Amino acid sequence: MSHELEVSESGEASFAYRKEGGAPWHRLGTAVSGHQTAEEMLRLSKADYEVTLLPVRYITPSGVLLEMADRFITARVDDDGGVTPFETVKNRYRVVQNETVLQKALNVCGASKGDAIMDTAGVLNDGKEFFATIDLGTLIIDPHGINDEIARYLVVHTSHDGTTPITYANTDIRAVCKNTVRFGLQTAKSVVTARHTANYERALDEASMVLNISSEWSKAFKETAEKLLRVPVPAGSRKIDTVLDGLWPEKDADTDRKKENRDETLSLVRTLFHNNKNAAGYGYNGWSLLNAVGEYYDHHWFDDADRNAAAAMKIGNKSHQMKAKASELILSLPVATVL
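This section reports on the structure supplied with the text. The structure displayed is predicted, hence computed values, not measured ones.

### Some remarks on the packing of helix H10 (residues 286-299) against helix H12 (residues 318-331)
- Put simply, H10 and H12 touch, their axes get as near as 10 Å, and they point 165° apart. For the element pair H10 / H12, the angle class is roughly antiparallel. For H10 against H12, the interelement crossing comes out right-handed. Contacts between H10 and H12 involve Gly286, Leu289, Leu290, Val293, Gly294, Tyr297 and Asp298 from the first element and Lys318, Ser319, Met322, Lys323, Ala326, Ser327 and Ile330 from the second.
- Here the residues of the contact of H10 with H12 are counted per class, giving 7 nonpolar, 4 polar and 3 charged.

### Digging into the environment of Ala292
- Structurally, Ala292 can be placed in helix H10.
- Classification of Ala292 as buried rests on a relative accessible area of 0%.
- The spatial distance from the C-alpha of Ala292 to the C-alpha of Arg270 is 7.7 Å, given a sequence separation of 22 residues.

### Some remarks on the sheet that holds strand E5 (residues 83-90)
- Pairing in this open sheet of 3 strands is antiparallel, and the strands run E3-E4-E5 from one edge to the other. The open sheet terminates on both sides in strands that have one partner only, identified here as strand E3 (50-59) and E5. Each strand axis lies, on average, 40° off the axis of its neighbour in the sheet, ignoring direction.

So, how was this worked out
- For every chain, the first residue of the written sequence is number 1, and numbering continues from 1 onward in sequence order.
- This being a predicted model, a pLDDT of at least 70 is required before a residue's local features are given, and a value of 80 or more before pairs of side-chain atoms are given or counted; all residues contribute to the totals for chains, interfaces and linings.
- Hydrogens and waters are ignored; side-chain quantities use all the structure's heavy atoms.
- Throughout, an axis means a line fitted to C-alpha atoms (over the contacting stretch in the case of helices), and angles, computed between N-to-C directions, take values from 0 to 180 degrees.
- Helix and strand assignments follow DSSP, with helices taken as H or I runs no shorter than four residues and strands as E runs no shorter than two, numbered in order from the N terminus.
- In these notes the angle categories are as follows: under 35 degrees is roughly parallel, over 145 is roughly antiparallel, 65 to 115 is roughly perpendicular, and the rest is oblique.
- Less than a right angle of anticlockwise turn of the near helix away from the far helix marks a crossing as left-handed, whereas a clockwise turn marks it as right-handed.
- Contact definition: two residues touch when any of their heavy atoms are within 4.5 Å.
- Amino acids are sorted into nonpolar (Ala, Val, Leu, Ile, Met, Phe, Trp, Tyr, Cys and Pro), charged (Asp, Glu, Lys and Arg) and polar (every other residue, Gly among them).
- The cut-offs for exposure are 20% and 50% of the maximum accessible area for each residue type, with area from a 1.4 Å probe on protein chains only; residues under the lower value are buried, those over the upper are exposed, and the others partly exposed.
- If DSSP finds at least two bridges between two strands, the strands pair.

Pasting the structure below:
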């Protein structure tokens, strides 16, 4: 597995991590203890460099030096005053420094009333990419019962070569290398992106609402989860039929193929409901049934894993709508056990 971290000639990796979160698999980088400021984490991870735009010049066949009006080169300003070129971009491209990207992410996390802490920061692809992880704290569902712990991170990712927008992802994956950044984004519960253009600030200012990371949202989510836990859904009960029929209603006009697809979907969700991640691990209840529906849409909706990941990342799409509908249907079930 390649970490793709920037590593200097002396063997120092451009990466820093909080000891309390555990050492990364690659065992590289600078370990720190306790709370660190954004500025300190940027310095320790060697991500506090400046990126600039340079004009693109060319020489005509007659030997005249001219400058392109609509093209620039992104480049890192090195410690010795020189520059390391990255990529050619169009004139609408805006440089957004690592510090700005990270500070805006921390501003988003301000909704969590100071609970968020810097966990990791690093440089990838020889300075072309920057990432960081902000620890939002663990949500514990039913601490005296199932004690289901949900890790919550805000992963920050951006590039300076035009390949990646500024990205904030609400995920349970801690970013420590290129692969964990990629996997965290693929499995994220919600994602906000902003292209490197003049309008990037507007998109990022709305991030706290889209990412659902405020303390108010966490409290509401926890309360809803614990309500779902109090809804018994015994194996083979009619309650399962009620929810699944509400999500995937049978229609007389459906073709035989559509009916077969529906039957296959319902059979799969029932199987997921019984597995160790759901009812076998957390009991036969509404919380397990909701997670079975979520597992279907996150991992089994399409045959292709990349399509599932892309669908899960789109805010407000059918996947998110169906999960919300499933929650509503389960909460409308009677609490008393009915077979």
